[in-house]
Structures are given as C-alpha cells and as structure tokens.
Amino acid sequence: YKQGTNMILNVFSGVTLNAAMGIATQVRAALYSFVSNLQIAANPQIIKSYSNGEYDRYQNLVYSISKYSFFLIFIIAVPVILNMRFFLDIWLKTPPDYACSFCVLTLIFCLVDSLSGPLWTSMQAMGNIRNYQVVISLMLLLNLPFTYIALSKGMSPNSLLYIQIIICTVSLFVRLLFSRYYANISLKRYIKEVLIPISGVLVLSLPIPLIFAVKLSGLLKIIMTIISGILFTSLSIWFVGIKRDERKVVLAFFKSKFEIR
C-alpha cells in the first residue's frame, strides 16, 4: 500500500512531494533499525515460550517487547520532532516542501506501528494466521481509496499520513483482538502493562519540552528541547514506564557492560 499511496501522491501533487515522502521513508527506515534488532532477538523466545506452554513468560515477552519498542522510538522522536526543521536543514540544506511535516507525522506513525510487531509474532506462534493476514491486509489497503478521496477533494498532502496513522491505530486494536481470541494474550493485561505505562510516560515527559519549544527560539530552543526531551523522557520511562524488576535487569545489563575489570 505504501507504493500505491506514493503513486496517488504523485498523480495529485507531483514529484516534489514524492521527494519529501522519500525523505520521510528514510527516517522511518532509520528508526525501525533500532526496533527491529530488539524484536528480531525476542521473536524466537516468544514463539518458543508459546510452543512449550510457558504462557506466562510468553505473555510477559509480548507485553515487554511492545513497550520497549515504543520507548526506543519515543526517546529519539521527542527531541527530533521538536527540532525537525533544524535537523532537516543540516541534513539537506534546502529540504523540499512538506518534508518537515511528513517526517513528523512519520515519527508518530512509527510510534503506533512499533506496538504491532510482537502481536504479529504472537499470531505466528499460534500458527493459524490466514484470517489474521486477510483482515489486516484488507485494512491496510484501505489507505489507497481513502488517500485518493482525500487528495481528490483538495485536502493537504499531510492527509495521506493522517490516514495512515488512523488506520494503523485501528489495526493495532484489531491485532489485539485477534491475539486475545487466538493467541492467549490478555487484553486487560496488555492495557495495564503496555498502554497505561506508555500513557503515563507521554503525560509526564512532554510538557516541559513543549513549553521550551513554544517559549524559546533559536539555538537556545534547540539546546533546551533536546536536553529536556531526552532527560524527561528517560526519567519518565525509568520511574513510570518500566517495573521494578525490569529496572533491575537494566541496571545489571549496564553494570556488566561498563564494569571495570
């Protein structure tokens, strides 16, 4: 569907906006490189745990990897979104029209989409994925007619990505329902262990960087939004986003990596 939406964008808006979309696609690929390594490493463990009947471990892995995938992107996305124009000017000198908004919306899309990977793996562990594939594929293909209608009605090219974000969000909840009914995933636990911590991190980490972004300008704005974005996001993840036993694992990891021998 991504190639199809790019073709529709080209029909209504020309090659210049396709160049902007190409930049956003590169940003998306760079972000997914962070998450894919985590999910690829965890996928065999998820499938193995399900196959061995270790359902509690299997569920914990799905919830944890969903949450960690979101946080990995979020800690990068906050300062980048608030300073997108600055980073694009450094990277491209003269970025094309809509490149900034496309990249910002792409980052938001990636945050939502990052939660889907472990749910897809949970369905793979169950083995019968035909109905799941058909339903999700049809939902994603809805991007094409909705994008065509939006652009033919004269709506902003940004509507293409708004549509993708909305469909991705709806698809996430459909994936959850499939995983609940077919792959032994608890919807209640997913909300408690993934969505609520993520919501807490969003509420606590965003206000101060947003205030700096609105009140300041120039170099001071860039410095303060980057520092506050990383700092408040990290603190929120540490104290709200992850549980006590997860903090112990993280501390043990860093201790093993940086211990002086």
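Residues numbered from 1 in each chain as written. Predicted model: local features only at pLDDT ≥ 70, side-chain atom pairs only at ≥ 80, totals over all residues. Heavy atoms only, no water.

With their axes 8 Å apart at the nearest point, helix α3 (residues 55–82) and helix α12 (residues 218–241) run at an angle of 160° to one another. As summarised for this structure, α3 and α12 are arranged roughly antiparallel, according to the angle between their axes. The crossing of α3 and α12 is right-handed. The segment α3 lies against α12, with K67, F71, F74, I75, V78, P79 and L82 engaging K221, T225, I226, G229, I230, T233, S234, I237 and G241. Broken down by class, the residue content of the contact of α3 with α12 amounts to 9 nonpolar, 5 polar and 2 charged. (Axes fitted to C-alpha atoms, helices over the stretch in contact; angles between N-to-C directions. Helix = DSSP H or I, 4+ residues; strand = E, 2+ residues; numbered from the N terminus. Parallel < 35°, antiparallel > 145°, perpendicular 65-115°, else oblique. Left-handed = near helix turned anticlockwise from the far one by under 90°. Contact = heavy atoms within 4.5 Å. Nonpolar A, V, L, I, M, F, W, Y, C, P; charged D, E, K, R; others polar.)

In terms of nonpolar packing, the biggest core is built from 62 residues, with Y58, L115 and Y190 touching the most fellow members. Residue contacts for Y58: discarding those within four places in its chain leaves I46, S49, Y50, S122, A125, A183, N184 and I185. (Core = buried A, V, L, I, M, F, W, Y, C linked by side-chain atoms within 4.5 Å. Buried < 20%, exposed > 50% of the residue type's maximum accessible area, 1.4 Å probe, protein only.)

Scanning the entire structure with this criterion turns up 4 salt bridges. Where R189 meets D56, a salt bridge forms, and the shortest distance between an N and an O atom there is 3.6 Å. In this pair, R189 sits in helix α10 (residues 187–205) while D56 sits in helix α3, placing the two residues 133 residues apart along the sequence. The partly exposed category is assigned to R189, whose relative accessible area is 22%. (Salt bridge = Lys/Arg side-chain N within 4 Å of Asp/Glu carboxyl O.)

In this structure, K93 is a non-glycine residue whose phi angle is positive, near 70°. Along the chain, K93 falls in the loop between α4 (84–92) and α5 (99–113). By relative accessible area, K93 is classed as exposed at 65%. Of note in the backbone geometry, N184 takes a positive phi value of approximately 60° without being a glycine. Mapped onto the elements of the fold, N184 is located in the loop between α9 (159–182) and α10.

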